[in-house]
Amino acid sequence: MRLKIVKARAHTNIALIKYWGKKNTDIIIPMNNSFSLTLDHFYTDTKVTYDENLKKDSFSLNGEEIESQNVFNFLDYVRQLSGKNGFVKVESINHVPTTAGLASSASAYAALAAASSKAFGLDLSRKDLSRLARRGSGSATRSIYGGFTEWIGGDNDLNSYAKPFQENVEWDIRMIAAVVNSKPKKITSRSGMQTVVNTSPFYGEWVKNANNSIPLIKKAILDKNFTTFGEISEENAMKMHALNLTAHPHFSYFEPQSIEIMQAIEQLRQDGIEAYYTMDAGPNVKIICEGKNSEVIQKALKLKFPEIELLESKPGKGIQFLD
Ligand code: PMV
């Protein structure tokens, strides 16, 4: 095989029950199981060219060459799995609005796992793709599948992978990202979660509570019980952020405007419009609602915060090979 070109598309996902801490930081084994929704609006397209004439690997993101040691280490691992010696050219385009500041590592490593493994001649199952994507970024484990997905934490490389719970979501769920303008985040998810694991006196309770929430959220989905679904998601997110305040040194991803948006959602609830929120390792607030309420929620937020950008998503698909 002298030349092989493979293109893959992966969508990002937002965790409703968060992964926040690792048992093994080298191969990314999480402390607890997590559960997410893959989104249709944000995705990464990655083209990998395996060419025997290449002298080294290269990586470009949105047309710009980047010397990313994480990506190069990932490619070394795929090469080793494949038993081949050749190099690859990786070209990624992120269809995550650049201003959004939304985590793109999930879609990025899921697309890279799919395209690079195939370009190196491997033919991995989705389970094995999810194990491979996990080594790039924990959240990428879940982006192999569409819809609602669980990451079974496990305790070693073989038993830590994602499983689809409901790939074709027949429930009109929406996720609206409210983009809070802020400076680039100072604490990466990688360092934030490890500080918490190492220093929070409440960490053990977090792990138990997160694991216990997964069967409950699954039941709420099967029952199409939006209130329970929203409450479990919102409470899990707030527990994760509360944990950050109990670390040493303590830290927070909240910006003043994040709190204002969350309060606006609580006010909408009091006014009889159901919506819930979740937040990750950054200041943006993601609002969970049913399709029937999306417009009125967006109108209310636009009126209160005319400068913020709102990006709506529906449930998205799992990994796709293009062409
Ligand atoms: O795997 P990372 O580094 O993208 O970390 C993800 C951490 C959270 O987004 C906060 C939670 C999650 O499960 O996606």
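Okay, so let's go over this structure. (Residues numbered from 1 in each chain as written. Predicted model: local features only at pLDDT ≥ 70, side-chain atom pairs only at ≥ 80, totals over all residues. Heavy atoms only, no water.)

Quick look at helix α1 (residues 69-82) now. A rise of 1.5 Å per residue sets the reference length of α1, with its 14 residues, at 20 Å; its end C-alpha atoms lie 20 Å apart and thus fit the reference within 8%. All of the buried residues along α1 are V71, F72, F74, L75, Y77, V78, R79 and S82. Note on α1: the residue one or two positions beyond its end, G83, has a positive phi of about 75°. (Helix = DSSP H or I, 4+ residues; strand = E, 2+ residues; numbered from the N terminus. Expected span 1.5 Å × (residues − 1). Buried < 20%, exposed > 50% of the residue type's maximum accessible area, 1.4 Å probe, protein only.)

One can find S117 in helix α2 (residues 105-119). When its relative accessible area of 2% is taken as the criterion, S117 is described as buried. Apart from residues lying up to four places away in sequence, S117 is in contact with V78, L112, L122, L124, L129 and L132. (Contact = heavy atoms within 4.5 Å.)

As for its placement among the helices and strands, E307 is situated in the loop between α8 (291-304) and β13 (309-313). Assessed through its relative accessible area of 49%, E307 is described here as partly exposed. Along the backbone, E307 and V180 are 127 residues apart, and their C-alpha atoms lie at a distance of 9.1 Å. Contacts of E307, omitting those with residues within four sequence positions, involve N181 and Q257. Here the side chain of E307 touches Q257 through a polar contact of 2.6 Å, side chain to side chain. (Polar contact = N/O pair within 3.5 Å; in protein donor to acceptor, adjacent residues only side chain to side chain.)

On to helix α3 (residues 126-134). Because an α-helix completes one turn every 3.6 residues, residues spaced three or four positions apart along the sequence face the same direction. Buried residues of α3: L129, S130, R131, L132, A133 and R134, and no others. In the core, the buried residues of α3 are packed alongside β3 (29-30), α1, α2, β8 (148-152) and β9 (161-166).

What follows deals with the site of the ligand. Near the ligand lie 14 residues; those nearest to it are Y19, G138, S139, R142 and S189. In isolation the ligand has 380 Å² of accessible area, and contact with the protein removes 91% of it. Within the shell around the ligand, the residues separate by chemical class into six nonpolar, five polar and three charged. (Near = heavy atom within 4 Å. Areas by Shrake-Rupley, 256 points an atom, 1.4 Å probe, with all protein chains shown as cover. Nonpolar A, V, L, I, M, F, W, Y, C, P; charged D, E, K, R; others polar.)

A ring pair, where both rings are aromatic, is described by two values, the distance of the centres and the angle of the planes. All told, the structure shown has 12 aromatic pairs when counted by the stated rule. Cation over ring: K118 sits above F321, and NZ or CZ is 4.1 Å from the ring centre. Above the face of the Y161 ring, K127 is positioned so that its terminal group lies 4.6 Å from the ring centre. (Phe/Tyr/Trp six-rings, centres within 6.5 Å; stacked < 30°, edge-to-face > 60°. Lys NZ or Arg CZ within 6 Å of the ring centre and 35° of its normal.)

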